[in-house]
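Descriptive analysis of the structure
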Amino acid sequence: MAHKHDPNEKVVYVGDSRIRRHNNVNVPHDYSAYPGKSEAFIPNFLLKEWMVGVVVLVGFLVLVIAEPAPLGYPADPLNSSFIPMPDWYFLFLYQLLKYPYTSGDYLVLGVLGLSGLPFISLLLAPFLDTGKERRFYRRPIASSLMILSLVACTYLTWVSWHHYQEELRINEVTPEHIKRELEAEEAVKKGLPRPVPGKEKIPAMVASDDPTFTETMKEAQCISCHGAELQGGNAPALRGVGDRLNEEEIANVITNGREAMPAFKDQLSKEQIDQVAAWLAKQKAEGAE
Amino acid sequence: MFKNMYNWIDERLDITPMWRDIADHEVPEHVNPAHHFSAFVYCFGGLTFFITVIQILSGMFLTMYYVPDIINAYYSVDYLQHQVAFGAIVRGMHHWGASLVIVMMFLHTLRVFFTGSYKAPREMNWVVGMLIFFVMLGLGFTGYLLPWDNKAYYATKVGLEIAGSVPYLGEYIKELMNGGTIVGAQTLTRFFAIHVFFLPGALLALLAGHFFMIRKQGISGPL
């Protein structure tokens, strides 16, 4: 390639590259040439947009600091009593697929007809609504369909959330992330380290040869949930329970049940319950050898 | 000095036309809230992008601590939340940002819909925008599993059952996403890969298309 430029050549390149050499300096367009009060994107408008962004950012960070991200207990595939809950923006879909004509035999209608079809028509909206009119009040079909979907989604989300709250109330369940926070708070108040679920040190069993444990509790099937060594399973560990509850409270839980725990007042006599409670109350970390 | 540096680069790469295309354009009066307050509805697209940038940055920091396996995932999140300096803030931003990005995108979609901005010649941009919407929902769904607590596990199980109920293809979709027949170790690594590589890749490509088209066509005119 020639490195010398012919002064009469029309197009002059930078070296042997394909970049054209030009001598005009970077002069922006004159915005007064455009109609209306338009302004430059950089820096004028971007600065204003950034100010809106900062307001949003501050609000966002206040939320982040005020409400820590939730974390429940480690996933347990054998937990049969957990109430499933998708993130809030899927609730409308979750609720929609619970109705008689959208589930069971009609699930195909629910999934394809009532969920898939609206999404596909939304995707293809410009090809379905091809009129030239842009104002929404002059496009009654498109606008009313959209408003109807919005109302439906809002309603379904609300119903789904309401159902969830009801279910929590009926089953006397506290959402796990809240339960965990409370537990952590309690432990910290007592001066203990913050508990990490599944990583707690379970104290050894006290008086493990007591017939209360080897006979009464085996017959009552305590170990099927609380574990053969009372190390916990579907239900909490009972070793060390004496640190959390006193004898009276334990007897009350056995008699009347609590959350997922059934009541045992019909299966065990009062004496048996008292025996078991007394034995469990002895299960303290300091007593364990 | 910066001007000299710019000119030096410009002479070699001729970047001024590129710069003009990306940044140097005028903003018309009808979308400028400084002139018409109601024009704030035109901010939602920009805010969606802003939150998306926050999501990408906070997500990059989260992967420094997160371990995508079923034994350690939960404990790595717990450690991040309670032991790492500012970990709770970064995870909080990613958690709440996921919701906020959906909200902003939803408002942006409504603005475009009710101002009829998706009409000719901007049909393709609407379609790309809806694809971005679906990718975002996919990011929300896959990200929800990653902390591996009960809420994550059972929501994913329900979600995959719904996917499994699609006629003919459902079972294949379900097995593909599960990485087997149950929600387990394979599902978690799969969702992690989808959440941090596949979908963000698709998202960036779609965003590039979205922005290219808006710059090429300009913002839709006043009603």
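Calculation rules
- Residues numbered from 1 in each chain as written.
- Chains lettered and ligands numbered in written order.
- Predicted model: local features only at pLDDT ≥ 70, side-chain atom pairs only at ≥ 80, totals over all residues.
- Heavy atoms only, no water.
- Helix = DSSP H or I, 4+ residues; strand = E, 2+ residues; numbered from the N terminus.
- Rg over C-alpha atoms; globule rule 2.2 N^0.38 Å.
- Buried < 20%, exposed > 50% of the residue type's maximum accessible area, 1.4 Å probe, protein only.
- Contact = heavy atoms within 4.5 Å.
- Areas by Shrake-Rupley, 256 points an atom, 1.4 Å probe, with all protein chains shown as cover.
- Lys, Arg positive; Asp, Glu negative; His and termini not counted.
- Charge placed at Lys NZ, Arg CZ, Asp CG, Glu CD.
- UniProt positions renumbered as here; feature names shortened; annotations may be inferred.
- Domains from an automatic or database assignment.
- Buried area = accessible area lost by both parts, 1.4 Å probe.
- Salt bridge = Lys/Arg side-chain N within 4 Å of Asp/Glu carboxyl O.
- Polar contact = N/O pair within 3.5 Å; in protein donor to acceptor, adjacent residues only side chain to side chain.
- Nonpolar A, V, L, I, M, F, W, Y, C, P; charged D, E, K, R; others polar.
- Pairing = 2+ DSSP bridges.
- Patch = residues over 30% accessible without salt bridge, like charges linked within 9 Å, V, L, I, M, F, W, Y side chains within 5 Å.
- pLDDT = per-residue confidence, 0-100.
- Core = buried A, V, L, I, M, F, W, Y, C linked by side-chain atoms within 4.5 Å.

When helices and strands are tallied, chain A shows ten helices and one strand. Sequence-ordered secondary structure for chain A, helices as α and strands as β, is β-α-α-α-α-α-α-α-α-α-α. In terms of overall dimensions, chain A is more spread out than a globule: its C-alpha atoms have a radius of gyration of 34 Å, far above the 19 Å expected for 289 residues. Counting across all 289 residues of chain A, residues that qualify as buried make up 32%. Pairs at least 24 residues apart make up 52% of the contacts formed inside chain A by residues separated by at least 6 positions. Accessible area of chain A: about 19300 Å², with a carbon and sulfur share of 61%. Within chain A, the 36 negative side-chain charges are centred at a point lying 14 Å from the centre of the 29 positive side-chain charges.

What follows concerns the UniProt feature "transmembrane region" (unreviewed entry) in chain A. All names here are of chain A. Those residues carrying the UniProt feature "transmembrane region" (unreviewed entry) are residues 45–66, 106–128 and 140–161 in this numbering. The span residues 106–128 is 91% helix and 0% strand, and its two end C-alpha atoms sit 27 Å from each other. Across residues 140–161 one finds 100% helix and 0% strand; the C-alpha atoms that close the span lie 31 Å apart.

The next thing to look at is the UniProt feature "domain: Cytochrome b/b6 N-terminal region profile" (unreviewed entry) in chain B. Mapped onto the present numbering, the UniProt feature "domain: Cytochrome b/b6 N-terminal region profile" (unreviewed entry) falls at residues 5–223 of chain B. Annotation note: span residues 5–223 of chain B, helix share 70%, strand share 1%, distance between end C-alpha atoms 44 Å.

Right, let's talk about the domain arrangement of chain A for a bit. According to the domain assignment, chain A contains domain 1 (37–66), domain 2 (88–176) and domain 3 (211–287). Using only C-alpha atoms to locate each centre, domain 2 of chain A and domain 3 of chain A end up separated by 47 Å.

The next thing to look at is the UniProt feature "transmembrane region" (unreviewed entry) in chain B. Residues and elements named next belong to chain B. As annotated by UniProt and renumbered to match this structure, "transmembrane region" (unreviewed entry) occupies residues 39–67, 96–114, 126–146 and 192–214. The straight-line gap between the two end C-alpha atoms of residues 39–67 is 44 Å; of that span, 66% is helix and 0% is strand. Helix makes up 100% of residues 192–214 and strand 0%, with an end-to-end C-alpha separation of 32 Å.

Facing 83 residues of chain B, the contacting portion of chain A comprises 84 residues. Each partner contributes to the roughly 7300 Å² buried at the junction of chain B and chain A, and carbon and sulfur atoms together form 67% of this total. Contact with chain A buries surface across chain B, with B:Trp96, B:Phe114 and B:Asn150 losing the most and accounting together for 9% of the total. Across the pair B:Lys119 and A:Asp129 runs a salt bridge whose closest N-O atoms are separated by 3.0 Å. The tally of links between chain B and chain A comes to 34 residue pairs in polar contact (both at pLDDT 80 or more). Counting residues per element, the ones that place at least two in the side of chain B that touches chain A are helix 1 (2–13), helix 2 (16–22), strand 1 (26–27), helix 3 (44–62), helix 4 (73–82), helix 5 (87–114), helix 6 (123–145) and helix 7 (150–164) of chain B. Examining the composition of the side of chain B that touches chain A, we find that 17 residues originate from one element, helix 5 of chain B, more than from any other. In terms of residue class, the side of chain B that touches chain A is made up of 49 nonpolar, 20 polar and 14 charged. Relative to strand 1 of chain B, strand 1 (residues 39–40) of chain A runs antiparallel, the two sharing two bridges.

Attention now goes to a negative patch on the surface. Negative charge collects at one region of the surface, where A:Glu181, A:Glu183, A:Glu185, A:Glu186 and A:Glu200 lie side by side. With respect to the helices, strands and loops of the structure, A:Glu186 is situated in helix 6 (residues 176–189).

Before going further, it helps to spend a moment on the confidence of the model for chain A. In this model, chain A carries an average pLDDT of 86, and 92% of its residues clear a pLDDT of 70 or more. Of all secondary-structure elements in chain A, the lowest mean pLDDT belongs to helix 7 (residues 211–219) of chain A, at 82, while helix 5 (residues 140–170) of chain A reaches the highest, 96.

Moving on: the nonpolar core. Counting residues in hydrophobic clusters, the biggest one holds 59 residues, and the most contacted among them are B:Trp126, B:Ile132 and B:Trp148. Considering every element that reaches this core, the biggest residue donor is helix 6 of chain B, with twelve residues. Structurally, this core is a two-domain feature, drawing no fewer than three residues from each of domain 1 (37–66) and domain 2 (88–176) of chain A. B:Trp126 has contacts with A:Leu122, A:Leu123, A:Ala125, A:Pro126, B:Thr109, B:Val112, B:Phe113 and B:Tyr118, leaving out every residue within four places of it along the chain. A:Met205, A:Cys222, A:Val276 and A:Trp279 belong to the second largest nonpolar core, which has 19 residues in total.

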